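# Fold and geometry: a report
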Amino acid sequence: MRINELVEHQRTFYYTESTKPYSFRKEQLNTLRSMIEENEQSIIHALYRDLHKSEFESYTTEIGFLYSEITSAIKNLKEWMKPQKVKTPFTHAGSKSYLYQEPYGVTLIIAPWNYPFQLALAPVIGALAAGNTVVLKPSELTPETSSLLKEMIDKWFDPAVLAVVEGDAEVSQKLLEERFDLIFFTGSVPVGKIVMEKASQHLTPVILELGGKSPTIVEEDANLDLAAKRIAWGKFTNAGQTCIAPDYVYVHWSVKPELLSKLKQAIKDLYGEDPLYNEEYSHIVNKRHFDRLCKYLNDGELIAGGERDEDINSIEPTILDHITWDDAVMQDEIFGPILPVLTFDDIEEVVSEVRNHEKPLALYYFSEDEQKQEDILSKLSFGGGCINDTLFHVANPHLPFGGVGQSGVGSYHGKASFDAFTHSKGIVKQTTKFDLSIRYPGRKHGLKLIKKLLK
């Protein structure tokens, strides 16, 4: 089926009203869960072939995450769908006001390669729960996972409801030429700008999950043992190919030597003496990204790691010291297992420097001082983050996940996923038992009464 025919096929089905009942939406979510359950081993094998992901990492960061989201959606769906009664002002006497939750219609989801299974299906959960149809475009950079997604979805879903379109950037361009009712994109800032530009031709709403250089700040009063362990885990999971990975560390000068020592130990504890060939350690997605990352290894002073194997596109967890904002590694989001370390004396230096760059998708702050924590949360704008941890906020279905500024537009996860794919339609239900005459022109003392009422 051609792309334009697929879109029209879904639109025709959507207008049958079949996707809107609670029973239909719940059935689709249950089907999605059954599909994943039946194919767990195939999913794990595909992720291993694409990114050398271990079974542990595949389950915790991709499969298990989706189970949690589906369970939350099914549990709360009926409540989310209900029209919500809201307050009605005195000026609207006799009427009642409601918010009706309406699906957007035919939606397009473009997925990235770094978590190619989870980030393809997580937004699908919200789209189906909200009563939409979905055209899903997986990343061509992870071909095994892309092929498996198509095979599974073709088998388990009616293409009028959910269909996969595979292909390269040219296919994505063709999809973006079509008129969708909402576009959901996860990926880089440059491609996000293209998606927004294309969507603007039809004034199509967009949700953009992008990225940026997410800072980690370690204060002198931080618990350094936990900070090192949690930073290393957050940075080197999936070999650093995570949009919310700690991109760089700002550490107070007084505890910097101790933190660096503990970071090196944390890497050994996580990945052993030879991380390059550790079966629990992911590889870089392809040669182009491997070569891009290797150029950063020339910056600053190598404190740990730095070894690489181009035959398998693997780079050791690496720490770079004596880094400045002029270095190449600090110009763009790293998206790999390289952690630059910068030093500060006064936290206001850090605040000023972070403000001088684009708003990050995440921020992580390590300190035992609650007032310092609140100060950072107040002074710096970012999508979301953690105090005394990394990454963990993304796994809470009760927290919306998304960026701000160049790190993203809109948010999802849990209830926020339902909201992302739903138009909240405001409705006033007016009485016919009486009519307030002062609303009409020419009524005696009408203007005087209106002025009193509207103050």
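Residues numbered from 1 in each chain as written. Predicted model: local features only at pLDDT ≥ 70, side-chain atom pairs only at ≥ 80, totals over all residues. Heavy atoms only, no water.

- An unreviewed UniProt entry lists the protein chain under the name Aldehyde dehydrogenase, from Pontibacillus salipaludis.
- Database annotation for the protein chain, UniProt heading Sequence similarities (unreviewed entry): "Belongs to the aldehyde dehydrogenase family." (UniProt positions renumbered as here; feature names shortened; annotations may be inferred.)

## Topic: the overall build of the protein chain
- Across its full length, the protein chain holds 15 helices and 20 strands.
- Against the compact-globule benchmark of 23 Å for 455 residues, the protein chain has a radius of gyration of 25 Å, which places it among compact chains.
- With the C-alpha coordinates of the protein chain rotated into their principal frame, the extents come out at 85 × 55 × 40 Å.
- Sorting the 455 residues of the protein chain into buried and exposed places 53% on the buried side.
- In the protein chain, 71% of the contacts between residues at least 6 apart in sequence involve partners at least 24 apart.
- When the 49 basic and 65 acidic side-chain charges of the protein chain are each reduced to a single mean position, those positions are 16 Å apart. (Helix = DSSP H or I, 4+ residues; strand = E, 2+ residues; numbered from the N terminus. Rg over C-alpha atoms; globule rule 2.2 N^0.38 Å. Buried < 20%, exposed > 50% of the residue type's maximum accessible area, 1.4 Å probe, protein only. Contact = heavy atoms within 4.5 Å. Lys, Arg positive; Asp, Glu negative; His and termini not counted. Charge placed at Lys NZ, Arg CZ, Asp CG, Glu CD.)

## Brief notes about the UniProt feature "domain: Aldehyde dehydrogenase" (unreviewed entry) in the protein chain
- On the UniProt side, "domain: Aldehyde dehydrogenase" (unreviewed entry) is annotated at positions that read residues 19–425 here.
- Across residues 19–425 one finds 41% helix and 20% strand; the C-alpha atoms that close the span lie 18 Å apart.

## Observations concerning the pairing of strand β2 (residues 96–103)
- Pairing of strand β1 (residues 84–86) with β2 involves three bridges; the strand directions are antiparallel. Paired with Val86 across the bridge in β2 is Ser97.
- Bridge analysis of β2 against strand β20 (residues 422–429) gives eight bridges, and the strand direction is antiparallel. Bridge pairing in β20 places Ser97 opposite Val428. (Pairing = 2+ DSSP bridges.)

## Let's talk about the packing of aromatic side chains
- Under the counting rule described, the total for this entry stands at 14 aromatic pairs.
- With a centroid separation of 4.8 Å and an interplanar angle of 75 degrees, the aromatic rings of Phe184 and Tyr412 are classed as edge-to-face. Here the residue Phe184 occupies a position in strand β6 (residues 182–186), and Tyr412 occupies one in strand β19 (residues 411–412), the gap between them amounting to 228 residues. For the pair Phe184 and Tyr412, one class covers both residues: buried.
- Between the aromatic rings of Tyr250 and Phe344, the centroid separation amounts to 6.4 Å while the plane-to-plane angle is 75 degrees, which identifies the pairing as edge-to-face. Separated by 94 residues along the polypeptide, Tyr250 in strand β9 (residues 248–252) and Phe344 in strand β14 (residues 338–344) bring together distant segments of the chain.
- For Phe344, a relative accessible area of 3% puts it in the buried group.
- Put simply, the rings of Phe184, Phe401, Tyr412 and Phe421 pair up and form one aromatic cluster.
- The lysine or arginine in question, Lys429, covers the ring of Tyr98, its NZ or CZ lying 5.2 Å from the ring centre. (Phe/Tyr/Trp six-rings, centres within 6.5 Å; stacked < 30°, edge-to-face > 60°. Lys NZ or Arg CZ within 6 Å of the ring centre and 35° of its normal.)

## Overview of unusual backbone geometry
- A positive phi is found at Asn238, a non-glycine position, where the angle reads about 55 degrees.
- By the secondary structure assignment, Asn238 is in the loop between α9 (224–236) and β9.
- At His413, a position not held by glycine, the phi torsion is positive, near 95 degrees.
- Assessed through its relative accessible area of 2%, His413 is described here as buried.

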